[in-house]
Amino acid sequence: MIKTILRRLTPLFILIFFSVAAWLLINSKEAPEQKEEEKAVPIIDVVNVEQKTVSLNLPSYGVVTPKNKTQLVTEVKGRLLTISPNFVAGGVVKKGEQLAVIEPSDYEADLSQAQASLAQAQAALEEEVARGEVAKNDWKGYDGGLPPELGLRVPQLKKEQANVKFAQAAMARAQRNLERTIIRAPFEGIIKVRNVDLGQYVTLGTNLGELYDTRIAEVRLPLANNDLAYLESVDNPDTQVTLSASLAGRDVNWTGHIVRSEGVIDADNRMVYLVAEVKDPYLRESHEVGLLPLKYGSFVTAVIKGRTVEGIVELPRHFVRNGQVAIISADNIVEVRDVNIVRTDTDSVYIKDSLKDGERISITKLASMRSGQQVKILGDSSKDATKLPETEIAKERLAAVGEQ
């Protein structure tokens, strides 16, 4: 009976035994040694501040257009007799060059008729002058005072003189109309478009084509109203501008000058437009090596030379975050400083009266950087930079480079 009871309680005894043993092992275990966790000091790269005198250039853009362009319009009517080979779209013509001829026969006949009328009027005038001389001789013995003007044929003489002037004006008009049968280029230029063909009948005021002046090109450059403060003069912004465009697979630059401001703010985009001029855009007079023509219709980017300012620090845009830069002191302590940004463009930020020569600025982008934070400088061989094992320093440098 006892053996049976012991056999049944044996598993219970074993369980109690191992529970006690486990409790003894747990309570006799020594606590692990607590070591203070070392915080990793970030490694950053820096650049030294350098103040300099810069021109606060203003970026803009625009489309090249001719300063002068004209519609070639007929002043007489008739059939087009000839058309010049240069009178085609893209043709380059000189001032006074003949572009087209209108059938002149009717106007030659009008001129001959006007010449004949003038000859008749002049003959009548000479005849009336002779009659006046005869009348003067007839009135020489008159004792009744001054002879009347009608007796001396003065009114008749004035009439014939007026007839001569009328005939002269008619002949001059006929001469001009004959000259207008020849369509000439009013200035040196390039033909934009031709609207007529050989043999076509044109009436008074027919648009034959459009001519662009190639002597001076213009570009309207929009600027924000606030950017006008960076010009030497707002009312007379006579300054240099550099135009750039991609032509024939390469970037080409042209130099021009701002000649005027349009003086009003555009109601649609709230911009002010400056007008730049480029002389000889098609290189008709000058042939510089490597320079290509500045063709009308080209879209160009522009850099307008602004006023010169001293004590400017120019930094890449990614160095400045939320209007602040991270200054690193001589003992490698971070100071997050607000800076006075006077201008920004697509690549750079221009700062004034906020940074001193020789100060160090962090160019490493960290997840968080605060004033008073301790950092290490990349490449610094001081003792502080060698406290960590070489493997940890290498890891931190790789992380710093990856965050830039």
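- If you check an unreviewed UniProt entry, the chain appears there as Efflux RND transporter periplasmic adaptor subunit from Shewanella hanedai.
- For the record of the chain, the UniProt heading Sequence similarities (unreviewed entry) holds the text "Belongs to the membrane fusion protein (MFP) (TC 8.A.1) family."

### What to know about the overall build of the chain
Right, on to step 1. Counting its regular elements, the chain contains 4 helices and 24 strands.
Right, on to step 2. Looking at the chain residue by residue over its 404 residues, the buried ones come to 33%.

### Comments concerning the pairing of strand β13 (residues 216–224)
Right, on to step 1. As paired elements, strand β4 (residues 58–66) and β13 share 3 bridges and run antiparallel to each other. Counted as the bridge partner of Thr 65 is Glu 218 from β13.

### Observations concerning the UniProt feature "coiled-coil region" (unreviewed entry) in the chain
Right, on to step 1. Cross-referencing UniProt, the feature "coiled-coil region" (unreviewed entry) maps to residues 157–184 in the present numbering.
Right, on to step 2. The span residues 157–184 is 82% helical and 11% strand by assignment, and the distance between its end C-alpha atoms comes to 42 Å.

### Things to note about the nonpolar core
Right, on to step 1. Among the nonpolar cores identified, the biggest contains 32 residues, and Leu 221, Val 241, Leu 243 and Ile 304 are the most heavily contacted of them.
Right, on to step 2. Taken together, the elements giving at least two residues each to this core come down to β4, β13, β14 (240–247), β15 (250–265), β16 (271–279), β17 (299–304) and β18 (308–316).
Right, on to step 3. Excluding its chain neighbours within four sequence positions, the residues that come into contact with Val 241 are Leu 221, Trp 254, Thr 255, Gly 256, His 257, Ile 258, Ala 276, Ala 302, Val 303 and Ile 304.

### Some details on the pattern of salt bridges
Right, on to step 1. In this structure the tally under the stated criterion is 11 salt bridges.
Right, on to step 2. One salt bridge connects Glu 127 with Arg 131, and the closest N-O pair in it is separated by 2.7 Å. Of this pair, Glu 127 and Arg 131 both sit in helix α2 (residues 105–138), 4 residues apart, which is roughly one turn of that helix.
Right, on to step 3. Between Glu 359 and Arg 337 there is a salt bridge, with the nearest N and O atoms lying 3.1 Å from each other. Separated by 22 residues along the polypeptide, Glu 359 in the loop between β22 (348–352) and β23 (360–362) and Arg 337 in strand β20 (residues 334–338) bring together distant segments of the chain. Grouping residues by exposure puts Glu 359 and Arg 337 together as buried.

### Examining the sheet that holds strand β12 (residues 207–213)
Right, on to step 1. Spatial ordering of the open sheet is given by β5-β12-β10-β7, a layout of 4 strands whose pairing is antiparallel. Two strands lie at the open edges of the sheet, namely β5 (69–73) and β7 (92–93), each paired on one side alone.
Right, on to step 2. Inspection of the sheet shows β5 paired to β12 by 5 bridges, in the antiparallel sense. Within the sheet, the bridge partner assigned to Val 73 lies in β12 and is Asn 207.

### Overview of a nonpolar patch on the surface
Right, on to step 1. Nonpolar side chains collect at one region of the surface, where Ile 5, Leu 9, Leu 12, Phe 13, Leu 15, Ile 16, Val 20, Trp 23 and Leu 24 lie side by side and expose about 870 Å² of accessible area between them.
Right, on to step 2. If you trace the backbone, Ile 5 turns up in helix α1 (residues 2–28).

### Re the environment of Asp 347
Right, on to step 1. On the secondary structure map, Asp 347 appears in the loop between β21 (341–344) and β22.
Right, on to step 2. The exposed category is assigned to Asp 347, whose relative accessible area is 57%.
Right, on to step 3. Sequence separation between Asp 347 and His 318 is 29 residues, and the spatial gap between their C-alpha atoms is 8.8 Å.
Right, on to step 4. Among residues more than four places away in sequence, those in contact with Asp 347 are Leu 315, Pro 316 and Arg 317.

### Regarding a negative patch on the surface
Right, on to step 1. A surface patch of like charges, here negative, comprises Glu 103, Asp 106, Glu 108 and Asp 110.
Right, on to step 2. Inspection of the secondary structure puts Glu 103 in the loop between β8 (98–102) and α2.
Right, on to step 3. In this structure Glu 103 comes out as partly exposed when scored by relative accessible area, which is 31%.

### Comments concerning the side chain of Glu 218
Right, on to step 1. Of note, Glu 218 is situated in strand β13.
Right, on to step 2. With a relative accessible area of 12%, Glu 218 lands in the buried category.
Right, on to step 3. Polar side-chain contacts of Glu 218 include one of 3.4 Å to the side chain of Arg 260.
Right, on to step 4. Excluding anything up to four places from it in sequence, Glu 218 contacts Val 63, Val 64, Thr 65, Lys 67, Arg 260, Val 275, Ala 276 and Glu 277.

### Side note on the packing of aromatic side chains
Right, on to step 1. Enumeration over the complete set of coordinates arrives at 3 aromatic pairs.
Right, on to step 2. Measuring from ring centre to ring centre gives 5.8 Å for Tyr 212 and Tyr 296, while their planes differ by 75°; the resulting arrangement is edge-to-face. Remark: Tyr 296 occurs in the loop between β16 and β17 and Tyr 212 occurs in strand β12; sequence separation between them is 84 residues. Tyr 296 matches Tyr 212 in its accessibility class, with the two residues each being buried.
Right, on to step 3. For Arg 194, the ring lying beneath its charged end belongs to Phe 87, and the centroid distance is 6.0 Å.

### A word on helix α3 (residues 154–179)
In an α-helix there are 3.6 residues to a turn, and that puts residues three or four apart on one side.
Right, on to step 1. Spanning 26 residues, α3 covers 38 Å between terminal C-alpha atoms, matching the ideal 38 Å at 1.5 Å per step.
Right, on to step 2. For α3, the full list of buried residues reads Glu 160, Val 164, Ala 167, Ala 174, Asn 177 and Leu 178.

### Here we look at the environment of Lys 165
Right, on to step 1. Residue position: Lys 165 is located in helix α3.
Right, on to step 2. It is 9.3 Å that separates the C-alpha atoms of Lys 165 and Gln 122, two residues lying 43 residues apart in sequence.

### Describing the environment of Asn 340
Right, on to step 1. Tracing the backbone shows Asn 340 in the loop between β20 and β21.
Right, on to step 2. Distance in space between the C-alpha atoms of Asn 340 and Ile 351 is 5.5 Å, their sequence separation being 11 residues.
Right, on to step 3. The contact partners of Asn 340, leaving out residues within four places of it in the chain, are Tyr 350, Ile 351, Lys 352 and Ser 354.

The rules behind the values
- Residues numbered from 1 in each chain as written.
- Predicted model: local features only at pLDDT ≥ 70, side-chain atom pairs only at ≥ 80, totals over all residues.
- Heavy atoms only, no water.
- UniProt positions renumbered as here; feature names shortened; annotations may be inferred.
- Helix = DSSP H or I, 4+ residues; strand = E, 2+ residues; numbered from the N terminus.
- Buried < 20%, exposed > 50% of the residue type's maximum accessible area, 1.4 Å probe, protein only.
- Pairing = 2+ DSSP bridges.
- Core = buried A, V, L, I, M, F, W, Y, C linked by side-chain atoms within 4.5 Å.
- Contact = heavy atoms within 4.5 Å.
- Salt bridge = Lys/Arg side-chain N within 4 Å of Asp/Glu carboxyl O.
- Patch = residues over 30% accessible without salt bridge, like charges linked within 9 Å, V, L, I, M, F, W, Y side chains within 5 Å.
- Areas by Shrake-Rupley, 256 points an atom, 1.4 Å probe, with all protein chains shown as cover.
- Lys, Arg positive; Asp, Glu negative; His and termini not counted.
- Charge placed at Lys NZ, Arg CZ, Asp CG, Glu CD.
- Polar contact = N/O pair within 3.5 Å; in protein donor to acceptor, adjacent residues only side chain to side chain.
- Phe/Tyr/Trp six-rings, centres within 6.5 Å; stacked < 30°, edge-to-face > 60°.
- Lys NZ or Arg CZ within 6 Å of the ring centre and 35° of its normal.
- Expected span 1.5 Å × (residues − 1).

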